[in-house]
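Breakdown of the fold
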Amino acid sequence: MDGAIIFFRKHMEQFLVGLAVLLIGIMASCFVWGVIYLSQNLDSVFASKSAEIKIVSFDLSDAKKLNLRGLLPQ
């Protein structure tokens, strides 16, 4: 443990510069990956999809049979 403390005291500036360069490299690679991912998938945003036609029907005879007396407060 003492060796690590002595190392960091002697080479603190070089260590911090190396760490900064490493973090900047990671950030740059994430940015480049994001731009490439976005440019490859951007076409799916503008692709028009045809809407499906849905037929809605109401069964009024079964609706009359519902017991809704307890739903609303009196």
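Rules of the game
- Residues numbered from 1 in each chain as written.
- Predicted model: local features only at pLDDT ≥ 70, side-chain atom pairs only at ≥ 80, totals over all residues.
- Heavy atoms only, no water.
- Axes fitted to C-alpha atoms, helices over the stretch in contact; angles between N-to-C directions.
- Helix = DSSP H or I, 4+ residues; strand = E, 2+ residues; numbered from the N terminus.
- Parallel < 35°, antiparallel > 145°, perpendicular 65-115°, else oblique.
- Contact = heavy atoms within 4.5 Å.
- Nonpolar A, V, L, I, M, F, W, Y, C, P; charged D, E, K, R; others polar.
- Phe/Tyr/Trp six-rings, centres within 6.5 Å; stacked < 30°, edge-to-face > 60°.
- Buried < 20%, exposed > 50% of the residue type's maximum accessible area, 1.4 Å probe, protein only.
- Patch = residues over 30% accessible without salt bridge, like charges linked within 9 Å, V, L, I, M, F, W, Y side chains within 5 Å.
- Areas by Shrake-Rupley, 256 points an atom, 1.4 Å probe, with all protein chains shown as cover.
- Salt bridge = Lys/Arg side-chain N within 4 Å of Asp/Glu carboxyl O.

1. Some details on the packing of helix H1 (residues 2-10) against helix H2 (residues 12-41)
Each pair of packed helices can be summarised by the angle the axes make with each other and by the distance between the axes. Closest axis-to-axis distance for the H1/H2 pair is 4 Å, and the angle between their directions is 85 degrees. As far as their axial angle goes, H2 and H1 are roughly perpendicular. Contacts between H1 and H2 involve Phe8, Arg9 and Lys10 from the former and Met12, Gln14 and Phe15 from the latter. Across the contact of H1 with H2, the residue classes tally to three nonpolar, one polar and two charged.

2. Focus: the environment of Leu71
By the secondary structure assignment, Leu71 is in the segment after helix H4 (60-64). Note: C-alpha distance between Leu71 and Asn41 (30 residues apart in sequence) is 48 Å.

3. Observations regarding the packing of aromatic side chains
Under the counting rule described, the total for this entry stands at three aromatic pairs. Between the aromatic rings of Phe7 and Phe8, the centroid separation amounts to 5.7 Å while the plane-to-plane angle is 65 degrees, which identifies the pairing as edge-to-face. Given a relative accessible area of 43%, Phe7 falls into the partly exposed group. Phe8 sits in the partly exposed class, given a relative accessible area of 31%. On the numbers, 5.4 Å between centres and 15 degrees between planes, the contact of Trp33 with Tyr37 is stacked.

4. Side note on a nonpolar patch on the surface
Residues Phe7, Phe8, Met12, Phe15, Leu16, Leu19, Leu22, Leu23 and Ile26 make up a contiguous nonpolar surface patch of roughly 790 Å² in combined accessible area. Counting residues per element, the ones that place at least two in the nonpolar patch are H1 and H2. Per-element accounting of the nonpolar patch gives the leading share, seven residues, to H2.

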